[in-house]
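Next come the chains, spelled out residue by residue.
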Amino acid sequence: MHAITHPLPARQLKGDLAVWILILSELLVFGLFFLGYAVAARRHPALFEAGQATLDTGAATLNTLALLAASAVVVMAIERLERQRTREAGRLLALAALLGSLFLVNKALELHHHLALGITLSTSLFHMFYLGLVSFHFMHVLAGVIVLSWVARRCLRDTPPELNTVWSAGAYWHMVDLVWVVLFPLVYLL
Amino acid sequence: MKYQSQKVARLYFMAAIGLFTGQILFGLILGLQYVIGDFLFPAVPFNVARMVHTNLLIVWLLFGFMGAAYYLVPEEAERELFSPKLAVALFWIFLVAGALTILGYLLVPYSGLARLTGNDLLPTMGREFLEQPTITKLGIVVVALGFLYNIGMTILSGRKTVINMVLLTGLVGLAVLFLFAFYNPDNLVKDKYYWWWVVHLWVEGVWELILGSILAFVLVKVTGVDREVIEKWLYVIIAMTLITGIIGTGHHYYWIGTPGYWQWLGSVFSALEPIPFFMMTVFAFNMINKRRLNHPNKAAVLWAEGTAVMAFLGAGVWGFMHTLAPVNYYTHGTQITAAHGHMAFYGAYAMIVLTIISYAWPILRGEKAANQRAQVLEMWSFWLMTVSMVFITLFLTGAGVLQTWLQRYTDDPLPFMVVQEKIAPFYWMREAAGVVFLIGLLVYLYAFVARGKPAEDATAA
Amino acid sequence: MNPLLALGLLAALTLLNVALNHSGVQGAWLIPITLALVWAKGLVIVEHFMQLRVAPPLWRGLVHGWLLLVCTGIAVVAP
Ligand code: HEM
Ligand code: HEM
Ligand SMILES: [Fe+2]
């Protein structure tokens, strides 16, 4: 056995290969769900238009901004961490987790509103897609917030995880954001 | 072998292989009954042989999983098994209960067996894969609880590794989901609905965790790659398994009377179920390419690679083939389903059990790997069984495509039995491939004999 | 790109999108424009947040391919 030395690659995937495969897979799941939505909306235009009219676009817009802001803050945090400014990074990550939680609270209220009206997956095809997509995405934000909080805590205690791990966490969070950027206009606007 | 108590795994592995042999014999009987309708009638009717074939499959896989757990949990936890005596006792209980059940199937008419075992007190019999009498099911629960207690105590008081935790999660999930075998609603829709919680959520949910952790364990051992790398892959694989597999249950809810939205949910999520299987393939080959040592047990490495490939083919590719609702509308319950069922069960679960046996057996005998001749024989059996399973799958797929076409898709469909006559050549070829499979299995068994006496006394480790 | 600048851009695009869809204008170009805006936002996220601009071409291509496929797919399928 001889040691294999890799020259430092000029181009680099920031984060772990396994996590990136996960990200790609998740993108596929959401992508397929989106296209399914589009097909169903085309088949039942009146149903989907009526359904959309019952959604609160204002709250969803606010939520979009919260997610985008969280993403930007994660980027700032990682820049700090790369320069060993660990605690600063920790505070920024905590802020990102907070913004993510804001999204969660807002979305939970929205979902509660609909469920309280007696709406379920069976109410209509539109509601199946709406509840399905939104709650599936919700779970991803939740997972993202948990990961961000964990990284934030480690940073605040001055025991940050490896940079590669933080990159992976960041990439996952941006994926959640990217997916929402498509989901929002598709479900709430179009 | 690091810990004495790992030795109980041997009993479990032996039972697994014995029952595997029985399963294959009944498979061949079934295959012949497909083309010679009254073969062995009335002694062994088709429905009975089928029950024996599938139940033996499940039971030997359970023996295999338990053996795997008894082997790898102490090694990972770095301590002796909590109670080896309990493991041995449970082994005999499970084996005797299993044997009695199979004898019951073969000797007593099914309805008589139901009466004999008091099925009317708590009716649970009569559903595919879950045909066991209620008392047998209760026995399974007792064995499962004892088993989980035993390995749970070992894991919790020892070193906690990701492999152990994932394995434990999978095994607990297996036991918990089995409880739905006791829920048997009169409403046929609900009956089927919850039946899939056992069947689908087993093979496309918690069993995948078991598969992933055993594969990861063997890869750690035979490649010497850093544990952290392997654990990370394991995390990602199980995340994807659960994300796609749970809602993916919907691919069984298309036509059974459940709400129509399942056609969407089931199609979308199950279409992505191949991803974790694909990841497993990438994972295994990636780790083997990065290996830091050349383990002398070449056969075990071959089995691990084979599992990674065949699980993806059987579950991923053949599953995907008929998982979208518009396709399944035509293929539902045809030979396509049987083709997929065979390759997926063999490729994922039969092969992972054979992988861990291949890796662990020599070590349990006190040697690192079997001698050259035995390994060559074992590799021959690998190729014979695997290639013939590929052919069984291809022949059944051919039969299924024709069946779907003639019986369902054309403008003037033919009756079921007319179509069966037309596709009989495929059934003959399947049976021929099945004979080759049996030959492969016999070579596999002979490879154990060819190992000769253990290289050193196993207790000296 | 400075993350705050990127955020400003993303927020502006979002608000533009919402305004466009609430202005009551209808027309065949509404959907393509909406998705073009989505695509632009996606570009910023993929390139600058996920840092794929420094990634190997394969990965960069895969994620960009996804984004393009989803956006055009929706634009084509949507009524
Ligand atoms: C190792 C994993 C798997 C095993 C052991 C397995 C096994 C089986 C078996 C035995 C059946 C027949 C059940 C019955 O009696 O009706 C079945 C049905 C089915 N499987 Fe799988 N499967 C696996 C993974 C998958 C995956 C990943 C997919 C999808 C991508 C899939 C799609 C299906 C579908 C759609 C059916 C229903 C077929 C019908 O409508 O008749 N399976 N599977
Ligand atoms: C070696 C030759 C084998 C033959 C000839 C054979 C034959 C058969 C036949 C005829 C059936 C009944 C299909 C029906 O109900 O229409 C069956 C069912 C089944 N066999 Fe085999 N089998 C063989 C090996 C195996 C192996 C190795 C496995 C798995 C490791 C396996 C797993 C199954 C399963 C899961 C079912 C139920 C399938 C379903 O519900 O669709 N068989 N087999
Ligand atoms: Fe399934």
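From a predicted model like this one, the values you see are computed outputs, not experimental measurements.

### Quick word on the site of ligand 1
All names here are of chain B.
No. 1: Around ligand 1, the structure places 26 residues, and the nearest of them are Glu128, His332, Gly333, Thr337 and His340.
No. 2: At a separation of 2.7 Å, an oxygen atom of ligand 1 approaches a polar side-chain atom of Thr337.
No. 3: His340 places a side-chain nitrogen or oxygen 2.8 Å from a nitrogen atom of ligand 1.
No. 4: At the level of secondary structure, the elements contributing two or more residues to the shell around ligand 1 comprise α7 (188-223), α10 (274-289), α11 (298-321) and α13 (335-364).
No. 5: Broken down by element, the residue count for the shell around ligand 1 peaks at seven residues, all from α13.
No. 6: When the residues that make up the shell around ligand 1 are grouped by side-chain class, the tally is 11 nonpolar, 12 polar and three charged.

### A few points about the coordination of the iron atom of ligand 2
No. 1: The protein atoms donating to the iron atom of ligand 2 are B:His53 (NE2) and B:His342 (NE2), with metal-donor distances spanning 2.0 Å.
No. 2: A relative accessible area of 27% places B:His342 in the partly exposed class.

### Points about the interface of chain A and chain C
No. 1: Listed as interface residues are 40 residues of chain A and, on the opposing side, 40 residues of chain C.
No. 2: For the chain A face of the interface with chain C, the top three residues by lost area are A:Arg11, A:Leu178 and A:Leu190, together amounting to 17%.
No. 3: The interface formed by chain A and chain C includes zero salt bridges.
No. 4: In this structure, the connection of chain A to chain C is made through seven residue pairs in polar contact (both at pLDDT 80 or more).
No. 5: At the level of secondary structure, the elements contributing two or more residues to the side of chain A that touches chain C comprise α1 (17-43), α3 (57-82) and α6 (163-189) of chain A.
No. 6: With 13 residues, α1(A) is the single largest residue contributor to the side of chain A that touches chain C.

### A closer look at unusual backbone geometry
If a residue is not glycine, its phi is most likely negative; likewise, a peptide bond is most likely trans.
Residues and elements named next belong to chain B.
No. 1: With omega at 0°, the peptide bond leading from Phe41 into Pro42 counts as cis.
No. 2: With a phi angle near 75°, Phe129 is a residue other than glycine that sits in the positive phi range.
No. 3: On the secondary structure map, Phe129 appears in the loop between α4 (110-116) and α5 (134-156).
No. 4: What makes Phe129 buried here is its relative accessible area of 16%.

### As for empty space enclosed by the protein
No. 1: Taken as a whole and assessed by the stated rule, the structure comprises two cavities of 30 Å³ or more.
No. 2: Of the voids in this model, the largest cavity is the one considered here, and its volume is about 80 Å³.
No. 3: Together, A:Lys14, A:Val75, A:Ile78, A:Trp167, A:Gly170, A:Ala171, A:His174, C:Phe49, C:Met50 and C:Gln51 line the largest cavity.
No. 4: Elements with a contribution of two residues or more to the lining of the largest cavity: α3 and α6 of chain A.
No. 5: A total of four residues in the lining of the largest cavity trace back to one element, the largest contributor, which is α6(A).
No. 6: Along the walls of the second largest cavity sit B:Ile58, B:Phe129, B:Leu130, B:Val198, B:Val199, B:Trp202, B:Val203, B:Trp207 and B:Phe345, which together make up its complete lining.
No. 7: In terms of residue count, the dominant contributor to the lining of the second largest cavity is α7(B) (five residues).

### A closer look at the coordination of the iron atom of ligand 1
Residue and element names in this part refer to chain B.
No. 1: Looking at the iron atom of ligand 1, one finds just one donor atom contributed by the protein, His340 (NE2), at 1.9 Å.
No. 2: Here the iron atom of ligand 1 and the iron ion (ligand 3) are spaced 4.3 Å apart.
No. 3: Along the polypeptide, His340 turns up in helix α13.

### Overview of the interface of chain B and chain A
No. 1: Facing the 22 residues of chain B at the interface are 24 residues of chain A.
No. 2: Carbon and sulfur atoms supply 86% of the area buried between chain B and chain A, which totals about 1,900 Å² over both sides.
No. 3: Ranking the residues of chain B by area buried against chain A places B:Tyr261, B:Trp264 and B:Val268 at the top, with a combined share of 31%.
No. 4: Along the contact surface separating chain B from chain A lie one salt bridge.

### Details of the environment of B:Ile243
No. 1: Along the polypeptide, B:Ile243 turns up in helix α8 (residues 227-248).
No. 2: Distance in space between the C-alpha atoms of B:Ile243 and B:Glu273 is 8.6 Å, their sequence separation being 30 residues.

### Points about α3(A)
Residues and elements named next belong to chain A.
No. 1: Relative to the 38 Å expected for 26 residues at 1.5 Å per residue, α3 spans 38 Å between its end C-alpha atoms, a close match to the ideal helical length.
No. 2: Burial of α3 is extensive: 21 of the 26 residues sit out of reach of the surface.
No. 3: A distance of 3.1 Å separates the backbone nitrogen of Gly58 from a side-chain oxygen at the start of α3, and that oxygen is part of Asp56.
No. 4: Two residues or fewer after α3 comes Gln84, characterised by a positive phi angle close to 60°.

### Quick look at helix α6 (residues 162-178) of chain B
No. 1: With 17 residues, α6(B) should reach 24 Å at 1.5 Å per residue; the first-to-last C-alpha distance of 24 Å fits that figure.
No. 2: Of all 17 residues that make up α6(B), 13 are buried, and the element is covered over most of its length.

### Observations regarding the domain arrangement of chain B
All names here are of chain B.
No. 1: The domains assigned to chain B are domain 1 (1-160) and domain 2 (225-450).
No. 2: Taken together, the contacts link 30 residues of domain 1 with 32 residues of domain 2.
No. 3: Summing both partners gives a buried area of about 2,700 Å² for domain 1 against domain 2, and 80% of it is carried by carbon and sulfur.
No. 4: At the boundary of domain 1 and domain 2, one finds one salt bridge.
No. 5: Measuring nitrogen to oxygen at the nearest pair gives 2.8 Å for the salt bridge that ties Arg227 to Glu76.
No. 6: Counting residues per element, the side of domain 1 that touches domain 2 draws most heavily on helix α1 (residues 8-35), at 15 residues.

### Brief notes about a nonpolar patch on the surface
All names here are of chain B.
No. 1: Together, Trp92, Val96, Leu100, Leu103 and Leu107 make up an exposed nonpolar region whose accessible area comes to about 540 Å².
No. 2: Among the structural elements, Leu103 can be located in helix α3 (residues 84-107).
No. 3: With relative accessibility at 44%, the residue Leu103 sits in the partly exposed group.

### Remarks on the packing of aromatic side chains
All names here are of chain B.
No. 1: Across all of its chains, the model carries 66 aromatic pairs over all chains by this definition.
No. 2: Ring plane angle 70° and centroid distance 5.1 Å describe the contact between Tyr12 and Phe91, whose orientation is recorded as edge-to-face. Note that Tyr12 is positioned in helix α1 and Phe91 in helix α3, a separation of 79 residues in sequence. Residue Tyr12 shares its accessibility class with Phe91, and that shared class is buried.
No. 3: Relative to Tyr329, the ring of Trp255 has its centre 5.3 Å away and its plane inclined at 65°; by these criteria the two rings are edge-to-face. Here Trp255 is found in the loop between α8 and α9 (262-271), whereas its partner Tyr329 is found in helix α12 (residues 325-331), with 74 residues between them in sequence.
No. 4: Residue class for Trp255 comes out partly exposed when judged on its relative accessible area of 33%.
No. 5: Take Tyr329: its relative accessible area is 52%, and that puts it in the exposed class.
No. 6: One Lys or Arg, Arg430, reaches over the ring of Tyr34 and ends 5.0 Å from the middle of that ring.
No. 7: Across the ring face of Phe448, the terminal group of Arg451 is positioned such that the distance to the ring centre comes to 4.7 Å.

What counts, and at which threshold
Residues numbered from 1 in each chain as written. Chains lettered and ligands numbered in written order. Predicted model: local features only at pLDDT ≥ 70, side-chain atom pairs only at ≥ 80, totals over all residues. Heavy atoms only, no water. Near = heavy atom within 4 Å. Polar contact = N/O pair within 3.5 Å; in protein donor to acceptor, adjacent residues only side chain to side chain. Helix = DSSP H or I, 4+ residues; strand = E, 2+ residues; numbered from the N terminus. Nonpolar A, V, L, I, M, F, W, Y, C, P; charged D, E, K, R; others polar. Donors = N, O, S within 2.8 Å, 3.2 Å for Na, K, Ca; no water. Buried < 20%, exposed > 50% of the residue type's maximum accessible area, 1.4 Å probe, protein only. Contact = heavy atoms within 4.5 Å. Buried area = accessible area lost by both parts, 1.4 Å probe. Salt bridge = Lys/Arg side-chain N within 4 Å of Asp/Glu carboxyl O. 1 Å grid on protein atoms, 1.4 Å probe; cavity = no way out; pocket = protein on both sides within 12 Å on 5 of 7 lines; lining within 4 Å. Points joined across faces, edges and corners; volume = space filled by probe spheres on them. Expected span 1.5 Å × (residues − 1). Domains from an automatic or database assignment. Patch = residues over 30% accessible without salt bridge, like charges linked within 9 Å, V, L, I, M, F, W, Y side chains within 5 Å. Areas by Shrake-Rupley, 256 points an atom, 1.4 Å probe, with all protein chains shown as cover. Phe/Tyr/Trp six-rings, centres within 6.5 Å; stacked < 30°, edge-to-face > 60°. Lys NZ or Arg CZ within 6 Å of the ring centre and 35° of its normal.

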